[in-house]
Amino acid sequence: AVLAAACSDDDGGAVASDSSTTSTSRASTTTTTDPAEALEAEIVDAYEASSRAFIDAAAVPDPDFPAFVATHVGPMLEQRRSVLRGLQADGRIIRYPASSQYRIDVDDIEIDGDVARLDVCVIDDGETVDAATGEVVAGGLGTVQARAAMQRVDGAWRLAERRQEAEWEGIAGCATE
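Within every chain, residues take consecutive numbers counted from 1 along the sequence as written. In keeping with the model being predicted, local features are shown solely for residues with a pLDDT of at least 70 and side-chain atom pairs are shown and tallied solely at 80 or more, while totals for entire chains, interfaces and linings include all residues. To get the side-chain values, take all heavy atoms of the structure and skip hydrogens and water.

Draft legend 1. Structural view of the overall build of the protein chain. Per the convention used, a helix needs a DSSP run of H or I reaching at least four residues, while a strand needs a run of E reaching at least two, with both numbered from the N terminus. Scanning the protein chain from N- to C-terminus turns up four helices and seven strands. Listing every helix and strand of the protein chain by position from the N terminus yields α-α-α-α-β-β-β-β-β-β-β. Buried positions account for 46% of the 177 residues belonging to the protein chain. In the protein chain, 62% of the contacts between residues at least 6 apart in sequence involve partners at least 24 apart. In these tables, accessible area is a Shrake-Rupley quantity obtained with a 1.4 Å probe, and a residue counts as shielded only by the protein chains included in the view. Entry remark: accessible area of the protein chain is about 8100 Å², with carbon and sulfur atoms responsible for 46%. Type-normalised accessible area, obtained with a 1.4 Å probe on protein chains alone, sets the label of each residue: buried when under 20%, exposed when over 50%, and partly exposed for intermediate values. Any two residues having at least one pair of non-hydrogen atoms within 4.5 Å are treated as being in contact.

Here is the structure:
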């Protein structure tokens, strides 16, 4: 199933989609004057940017894609680079249907200095595609619940870790709570 290839795997997984379809369910707080809310919004925006960057890198695929390298650090940078290299070696890409249901919901954020932990719920309908033929090799709609860690490096929040906690077929589990 595409969840294993596009969304996540037990090692912290990959999220992939067409960047034009990425969304979250939180209300925009970027204009808030509350410093705590502003920091949370900054972290959520950085998490979304890391997803978009991987999505764009997986569509090529390119393990040195500049936006991808700029939004990932540590274990996630290396794990997702491995995913991108695997896609390259297999002659595959990840793409999303025109009417994609891809969505990120951030359910909780805990901040401790330069580390933020997020509980996320991702609805993913990505497709793994043979780049030469355009044949869909794997696909489907699924939901993944994960715990992610963002790390502030040189003033910018970057995705450092991601652990999948649960996975469902279709829109289910954390997406229906």
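Once the structure has been displayed, the description carries forward.
Draft legend 2. Structural context of a negative patch on the surface. Patch construction takes residues with relative accessible area above 30% that form no salt bridge. Like charges are linked within 9 Å, and nonpolar side chains (Val, Leu, Ile, Met, Phe, Trp, Tyr) are linked within 5 Å. What makes a salt bridge here is a side-chain nitrogen of Lys or Arg within 4 Å of a carboxyl oxygen of Asp or Glu, nothing more. Here Asp and Glu are counted as negative and Lys and Arg as positive; His is not counted, and neither are the chain ends. Note on charges: their place is set at NZ of Lys, CZ of Arg, CG of Asp or CD of Glu. Taken together, the side chains of Asp-34, Glu-37, Glu-40, Asp-107, Asp-108 and Glu-177 define an acidic patch exposed on the protein surface. Among the secondary structure elements, those contributing two or more residues to the negative patch are α2 (35-58) and β2 (103-112).

Draft legend 3. Region of the structure containing the packing of aromatic side chains. Each pair of aromatic rings taken from Phe, Tyr and Trp, with Trp reduced to its six-membered ring, is defined by centres within 6.5 Å and is described as stacked if the planes are under 30 degrees apart, edge-to-face if over 60, and tilted in the remaining cases. For the coordinates displayed, the defined rule picks out two aromatic pairs. Ring centres of Tyr-96 and Tyr-102 lie 5.5 Å apart, and the angle between their planes is 85°; on these two criteria the pair is classed as edge-to-face. In this structure Tyr-96 comes out as buried when scored by relative accessible area, which is 8%.

Draft legend 4. Geometry of the environment of Gly-140. Within the fold, Gly-140 resides in the loop between β5 (136-139) and β6 (142-153). In this structure, the C-alpha to C-alpha distance between Gly-140 and Glu-127, residues 13 residues apart in sequence, is 7.1 Å.

Draft legend 5. Region of interest: the sheet that holds β6. We call two strands paired when DSSP finds no fewer than two bridges between them. Pairing is antiparallel in the open sheet, where four strands are placed in the order β2-β3-β6-β7. In this open sheet, the two edge strands, each paired with only one partner strand, are β2 and β7 (156-169). Averaged over all neighbouring strand pairs, the angle between strand axes comes to 20°, with direction disregarded. Bridging between β2 and strand β3 (residues 115-124) involves nine bridges; their strand directions are antiparallel. Paired with Ile-111 across the bridge in β3 is Ala-116. Note on geometry: axes are lines fitted to C-alpha atoms, helical ones only across the stretch in contact, with angles between N-to-C directions running from 0 to 180 degrees. Contacting β2, β3, β6 and β7, α2 runs over the sheet at an angle of about 130° to β2.

In short, the description is geometric, and any link to function would need to be established separately.
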